[in-house]
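Observations on the model geometry
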Amino acid sequence: MKLYNTLTKKVEQIKPQHPPVVTIYTCGPTVYDYPHIGNWFTFLRYDLLVRTLRANAYEPKWVMNITDVGHLVSDADEGEDKLEKGARREHKTAWEVAEYYSSYFINGLARLNIMQPNMLPKATHHIKEQIELILRLEAKGYTYQIEDGIYFDTSKFPRYGDFAQLDIDELQAGARVEVNPEKRNPTDFALWKFSPKDSKRDMEWPSPWGTGFPGWHIECSAMSMKYLGETLDVHSGGIDHIPVHHTNEIAQSEAVTGKRFANYWMHTNHITISGEKIAKSAGNGLTLEDIEAKGYDLEVFRLLVLESHYRTQSTFSWEAMEAAANRLQDLRAMAVLRWQPQHGISDYGTFSFEDVPQEIGRLMSEDLNSPAALAFLSQVSTQLSTVLVGANGLDHFILMLRKIDELLGLKLSDIGDITPEQKQLIAKREESRLAKDWASADRVRQELLKQGVGVRDTPYGPIWFPERLQ
RNA sequence: GGCGCCUUGGCGGAGUAGCUACGCAGCGGUCUGCAAAACCGCGUACACGGGUGCAAAUCCCGUAGGUGCCUCCA
């Protein structure tokens, strides 16, 4: 399987260190507010990575952290802790805020049918590991202390700017923010921050240097190494993390171990709404609830995510959601053929049922080309709606649906049968049609439509399909 | 101001040298009692200007527009 590697700027064949296991570390959410659909885009894309690895007979070992402390309003280690800020906003403690949004997030993964990570470690549960890592850095001479904390001296790590192709001097020249004048280099970052002397934080811990809390970056190194070892197979995250967060992770991790931190870096691009990026400050941070309020299943949202490639900046709009909803209806109409074997289903034309998931897997294995996989699936769906031969292919058809779901997570094989009453209505309509009682037949069709069941008449008899209820 | 990226038909969106995906919407047709269903067909898309190649949407240079990061942020 191939994946674009930010480290080498090339699409590469994945070679895990200890096949079939593939270790994956993903930068998870900072749990201080509701995630917006842009956040969910990225998590759906990591899900595709894990599903595709599994389809390739790998065993992904996936760790996603939950940042519940220390992520400051500015990545440059300035400003407030987001958790503390969220606490003030909601008149709760930082602990309560973290708990609430962690649960919400984990629940959201399930709602979106995202594969459950093997572990979802929290930063606050790994303070000891973070302190130990800072001690090791200190022992190697990478740290220094100033008034507000312990910092990593990036000038001691010569490859610092390589990963993000940063020109450090240019960054300095172009910087628009004031850097802490005590820092030795503008790119230096906090490993441990001291609690302010005049106030008490909700979250703070003792450390060899004084009471305080860990810097944002150190948690990822500490937890990934604890659970997945010193060198990861794959590290994934949002494209915005390349210049600061991941650059810092690499610096502090490789400074400690002397080994490469991750062999493959996967970065997901962002989505825009009306040509603008999603940002809380822009007020366009739609949530899953907003999608459901418009009457769309979350599978529709997943299909929309699949329709674009993870490395291109893509667009969200309600028009696009509508298109995705129509497309999903087609796929569902194909899936429910399994409940209508009297019409017969079997292998056909260009592809056998066995070939279909294989082809989808092949396309996904080419740097997660989900748009191509969907294009293929749409062709299959179109052909299947007209080719109906014999009932002996039913088992293979159901297996095909399951395998497609394993790859794409669209839950096509989960769609159940209609009720016996609804089947009776369809039979009743057939009787009316035979009697040429069109008024009665149309009345029944209307009744079924209200229940979300559409019927189309074919040479093989009536075939029902899930109709969108709006 | 610095450093990147992008520009494909009405919309979304793949493809990255040679048979011009796919979906949505639209139009025309077939089937049908009818059909909102299904199927078939259509619109001659690759920002603009140069260049390299037998061949460019695909490579190179330039122009225009957009956008990302350097603040928040996936």
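Summary of the structure given here.

What counts and what doesn't
The numbering scheme is per chain: residues are counted from 1 as the chain's sequence reads. Working convention: letters from A go to chains and numbers from 1 go to ligands, in the order in which they are written. For a predicted model such as this one, the threshold for reporting local features is a pLDDT of at least 70, and the threshold for listing and counting side-chain atom pairs is 80 or more; totals across whole chains, interfaces and linings nevertheless cover every residue. Only hydrogens and water are removed before side-chain values are computed, so all heavy atoms of the structure are retained for them. Under the scheme used here, helices are H or I runs from DSSP no shorter than 4 residues and strands are E runs no shorter than 2 residues, and both carry numbers assigned from the N terminus. A 1.4 Å probe rolled over the protein chains alone gives each residue an accessible area, and that area as a share of the maximum for its type sets the label: buried under 20%, exposed over 50%, partly exposed in between. By the convention used here, strands pair only if DSSP detects at least 2 bridges between them. Angles run from 0 to 180 degrees between N-to-C directions of axes, and those axes are lines fitted to C-alpha atoms, restricted for helices to the stretch in contact. Only one rule defines a salt bridge in this text: a Lys or Arg side-chain nitrogen within 4 Å of an Asp or Glu carboxyl oxygen. Working definition: a ring pair exists when centres of Phe, Tyr or Trp rings (six-membered ring for Trp) sit within 6.5 Å. Plane angles under 30 degrees give stacked, over 60 give edge-to-face, the rest tilted. Criterion for a charge above a ring: Arg CZ or Lys NZ at most 6 Å from the ring centre, at most 35 degrees from the ring normal. Here, expected helix span is obtained from the residue count minus one, scaled by 1.5 Å. An angle below 35 degrees is treated as roughly parallel, one above 145 as roughly antiparallel, one from 65 to 115 as roughly perpendicular, and anything else as oblique. Crossing handedness: left-handed means the near helix sits turned counterclockwise from the far one by under a right angle, and right-handed means the same turn made clockwise. Contacts between residues were defined by any pair of non-hydrogen atoms, one from each residue, lying within 4.5 Å. We call Asp, Glu, Lys and Arg charged. Ala, Val, Leu, Ile, Met, Phe, Trp, Tyr, Cys and Pro are nonpolar, and the rest, Gly among them, are polar. Consider the strands pointing away from the viewer: the crossover is right-handed when the path from the first strand over the helix to the second runs clockwise. In this text, buried Ala, Val, Leu, Ile, Met, Phe, Trp, Tyr and Cys residues form a nonpolar core when linked through side-chain atoms within 4.5 Å.

A few words on the overall build of chain A. Of the regular secondary structure elements, chain A holds 15 helices and 15 strands. A burial count over chain A gives 56% of its 470 residues as buried.

Attention shifts here to the sheet that holds strand β9 (residues 232–238). Read across the open sheet, the four strands follow the order β4-β3-β9-β10; overall the sheet is parallel. Two strands lie at the open edges of the sheet, namely β4 (59–64) and β10 (262–268), each paired on one side alone. Direction aside, the axes of adjacent strands within the sheet are offset by 25° on average.

Here we take up the pattern of salt bridges. Under the criterion given, the structure shown has 29 salt bridges. Among the ionic pairs, R89 bridges to D33, the shortest N-O distance being 3.7 Å. In this pair, R89 is assigned in helix α2 (residues 82–90) and D33 in the loop between β3 (21–26) and α1 (37–55), connecting sequence segments 56 residues apart. When the shortest N-O distance is used, the salt bridge between K156 and D153 registers 3.8 Å.

So, on to the sheet that holds strand β13 (residues 314–316). What the three strands build is an open sheet, ordered β12-β11-β13; its pairing is mixed. The open sheet has two edge strands with one neighbour each: β12 (276–277) and β13. With two bridges connecting them, strand β11 (residues 271–273) and β12 associate as antiparallel partners. Pairing of T272 across the sheet is with K277, part of β12.

What follows covers the packing of aromatic side chains. For the structure on display, the rule yields 19 aromatic pairs. Ring geometry for Y296 and W318: centres 6.0 Å apart, planes at 10°, overall stacked. Residue Y296 is found in the loop between α8 (288–293) and α9 (298–306), and its partner W318 is found in helix α10 (residues 318–335); the two are separated by 22 residues along the sequence. Through a chain of ring-to-ring contacts, three or more aromatic side chains come together here, namely Y34, Y100, Y101 and Y104. The positively charged end of K294 is found above the aromatic ring belonging to W318, 4.8 Å away from the centroid.

Inspection of the secondary structure puts H125 in the loop between α3 (94–111) and α4 (127–139). Sequence separation between H125 and T272 is 147 residues; the distance between their C-alpha atoms is 34 Å.

Turning our attention to unusual backbone geometry. Cis geometry marks the peptide bond from P19 to P20, where omega comes out at 5°. With respect to the helices, strands and loops of the structure, P20 is situated in the loop between β2 (10–13) and β3. Even without glycine at this site, K9 takes up a positive phi of about 65°. Positionally, K9 belongs in the loop between β1 (2–5) and β2. On the basis of relative accessibility, which here comes to 34%, the residue K9 falls in the partly exposed class. At K411, a residue that is not glycine, the phi angle is positive and equals roughly 60°. Summarising the element assignment, K411 is placed in the loop between α13 (394–408) and α14 (420–434).

With that out of the way, let us pick up α4. Under the 1.5 Å per step criterion, the end-to-end length of α4 is 18 Å for 13 residues, consistent within 8% with the ideal 18 Å. Considered for burial, the residues of α4 that qualify are I127, E129, Q130, I131, L133, I134 and L137. Directly after α4, the chain includes G141, whose backbone phi takes a positive value near 85°.

This brings us to the packing of α14 against helix α15 (residues 438–450). Contact geometry for α14 and α15: axes closest at 8 Å, N-to-C directions at 160°. Classed by the angle they form, the pair α14 and α15 counts as roughly antiparallel. Helix-helix and strand crossings are classified by hand; for α14 and α15 the assignment is left-handed. On the side of α14, the interface is formed by Q422, L425, I426, K428, R429, S432 and R433, while α15 contributes W438, S440, A441, V444, R445, E447 and L448. For the contact of α14 with α15, a count of residues per class yields six nonpolar, three polar and five charged.

For T272, the location among the structural elements is in strand β11. The residues touching T272, leaving out its near neighbours within four places in the chain, are K277, Q313, S314, T315 and F316.

When you tally the buried positions in β3, you get five out of six residues, the bulk of the element. Relative to β4, β3 is paired through six bridges, and the arrangement is parallel. Within the sheet, the bridge partner assigned to V21 lies in β4 and is E59. Assessed by its sense of winding, the connection that carries the chain from β3 through α1 to β4 is right-handed. Bridging between β3 and β9 involves three bridges; their strand directions are parallel. Within β9, the residue paired with I24 across the bridge is V234.

Turning next to the pairing of β9. In terms of residue burial, β9 counts as a mostly covered element, since seven of its seven residues are buried. In this sheet, β10 lies alongside β9 in parallel orientation, the contact comprising six bridges. Across the sheet, the residue bridging to L232 is A262, located in β10. Read as a crossover between parallel neighbours, the route from β9 over helix α7 (residues 242–257) to β10 is right-handed.

Once that is clear, we can look at the nonpolar core. One recurring pattern in soluble globular proteins is that nonpolar side chains are buried together. Formed by 132 residues in total, the largest nonpolar core has its most connected members in W40, L49, F152, W192, F301, I360 and L408. At ten residues, the largest contribution of residues to this core is made by α1. Apart from the residues within four sequence positions on either side, I360 is in contact with A373, F376, L377, I404, L407 and L408.

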